[in-house]
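# Chains, contacts and geometry: an overview
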Amino acid sequence: MLHHLALTAARPLSSASTRTAALRSLLHQRSLTWSTRSALQSALLPRRNLLHPTLLSHALSTTAVARSPRSSPVHQPAIEIVVDADEQPSHSGQRRVRYLRPTLFAVAGSFAAFLLGVYFYDQQQYAAVSGAGGRRILTLREVLMRRREDAEEARAAILRRIARWPESVPLEAKKAVAMVVNKWFALHDSQKTMTGLIAINTAVFLLWQLPHPAVQRFMYQWFTHNPLSGKSITLLTSMFSHQTALHLGLNMFGLWSFGSFVHHAFGGREEFLAFYIAAGLLSGLGSHVLSLRTMQHASILPSLGASGALFACLGVATVQAPDTNVGLAFVPGISTPIKYVFPGLVALDLVGVVRNWRLFDHFAHLSGSMFGFAYMTFGREILWYNTLEKYIELKHGLAVKTGRA
């Protein structure tokens, strides 16, 4: 079978339609392993030639190239990834489609993110209480003021250490480091958070640029989410993964703009990070389930990127400040109220689902938008405020009331 498949893929056929028909006939054979089937799926993708001239390089290995629906098309030669043909085979030749495991992972991961956020928020309050002579502080304003005081003390301590560096260190080097330190501490808390997230995404992007086949294979397996792969952890890792510079740049620009706004609206890093992680997990889960339920399995592609979490931030910004004007990235000088931009983007994704557009992961965009809107409508009271109240009551024995009046 493998030998016949290799000849069919490499053989010059009389027409494109004949070649496509031959590949589709092979795709429906039940004896194919999952990795061989993935290679045929990639060969049948529209608008891009992903099929290597020799589909099967050996009798026991398959060439498979994956792409991300959330990213822009790659206009460079595809990198060949060799996947073992006998990787987790099943009796039907396909991997088992999973719903329960990724659902449990995404839901449990989201709740864990909010529990950790509440824990670290309480730790920050405890530090503020200790610095205020033991008086219990329950207002966010007092906590933030204490944070700023601690940050100023840390900045002064770092600058003193720089001043004590040996004389062998050039003075210009000391000034440069001191300038970076001052710039960092001058950033708002939201900007520091966005800088950290951008650094993580950039580090993953740099790994994508390493041409070694083992690295590329690792990235495709663990930093893209394929609903047919059986993996759940990739719901988390794929939200920090961008394969192209354009994809990374656009998403990080959106993160800096809308993420900073949402961070400031929430008032603290802990709630924002919990929300951001939950949004990425649940938007990925939405894409996972809806893709399996509405698309032919042969048409499902791996996806990656932070766009699901970014659309959730956009949903929060729309509820929080609907009259805020936002600029259009490719139309300088023109701004539109976000209450019109957000429904327009949702409508565009709905059209993409109906028309079966493959450039972006429209299911992830829609799922993220719904989560962001729902979080600000009723989810925040449940996931953040109620959790915070219960935690403080259980740990400190105090009955407090948080949330909106």
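These notes cover the structure that comes with them.

Parameters and conventions
Residues numbered from 1 in each chain as written. Predicted model: local features only at pLDDT ≥ 70, side-chain atom pairs only at ≥ 80, totals over all residues. Heavy atoms only, no water. Core = buried A, V, L, I, M, F, W, Y, C linked by side-chain atoms within 4.5 Å. Buried < 20%, exposed > 50% of the residue type's maximum accessible area, 1.4 Å probe, protein only. Helix = DSSP H or I, 4+ residues; strand = E, 2+ residues; numbered from the N terminus. Axes fitted to C-alpha atoms, helices over the stretch in contact; angles between N-to-C directions. Parallel < 35°, antiparallel > 145°, perpendicular 65-115°, else oblique. Contact = heavy atoms within 4.5 Å. Left-handed = near helix turned anticlockwise from the far one by under 90°. Nonpolar A, V, L, I, M, F, W, Y, C, P; charged D, E, K, R; others polar. Polar contact = N/O pair within 3.5 Å; in protein donor to acceptor, adjacent residues only side chain to side chain. Salt bridge = Lys/Arg side-chain N within 4 Å of Asp/Glu carboxyl O.

## Concerning the nonpolar core
Within the largest apolar cluster, 34 residues are counted, with the highest numbers of intra-cluster contacts made by Phe-266, Phe-272, Phe-275, Tyr-276, Tyr-375 and Trp-384. At the level of secondary structure, the elements contributing two or more residues to this core comprise α4 (100-131), α7 (189-208), α10 (245-266), α11 (269-294), α12 (307-320) and α14 (362-396). For this core, the leading source of residues is α14, giving 8 residues.

## Some remarks on the packing of α7 against helix α8 (residues 213-222)
The contact between α7 and α8 brings their axes to 9 Å, and the two run at 130°. If you check the angle between α7 and α8, you find them oblique. Together, Val-204, Leu-207 and Trp-208 of α7 and Val-215, Gln-216, Met-219 and Tyr-220 of α8 make up the contact between the two elements.

## Things to note about the packing of α10 against α11
Where α10 meets α11, the closest approach of the two axes is 8 Å, and the angle between their N-to-C directions is 125°. Viewed along their axes, α10 and α11 adopt a mutual orientation that is oblique. Both α10 and α11 take part in a crossing whose hand is right-handed. Every residue of α11 that contacts α10 at Leu-255, Gly-259, Val-262, His-263 and Phe-266 is listed here: Arg-269, Glu-271, Phe-272, Phe-275 and Tyr-276. Residue composition of the contact of α10 with α11, by class: 6 nonpolar, 2 polar and 2 charged.

## Concerning the environment of Lys-395
You can see Lys-395 is positioned in helix α14. Here Lys-395 falls in the partly exposed class, since its relative accessible area comes to 42%. On a C-alpha basis, the gap between Lys-395 and Asp-122 in space is 9.8 Å, while along the polypeptide they are 273 residues apart. Polar contacts involving the side chain of Lys-395 include one to the side chain of Asp-122, which spans 3.3 Å.

## Observations concerning the pattern of salt bridges
Summed over all chains, the structure comprises 4 salt bridges. As a salt-bridge pair, Glu-152 and Arg-155 come within 2.7 Å of each other at their nearest N and O atoms. Remark: Arg-155 and Glu-152 occur in helix α5 (residues 140-163); sequence separation between them is 3 residues, near one turn of the helix. On the basis of relative accessibility, which here comes to 41%, the residue Glu-152 falls in the partly exposed class. A salt bridge links Lys-339 to Asp-323; the shortest N-O distance between them is 2.9 Å. Of this pair, Lys-339 sits in helix α13 (residues 338-355) while Asp-323 sits in the loop between α12 and β3 (325-328), and the two are 16 residues apart along the sequence. Relative accessible area serves as the criterion here: at 34%, Lys-339 is assigned to the partly exposed category. Judged by its relative accessible area of 54%, Asp-323 is exposed.

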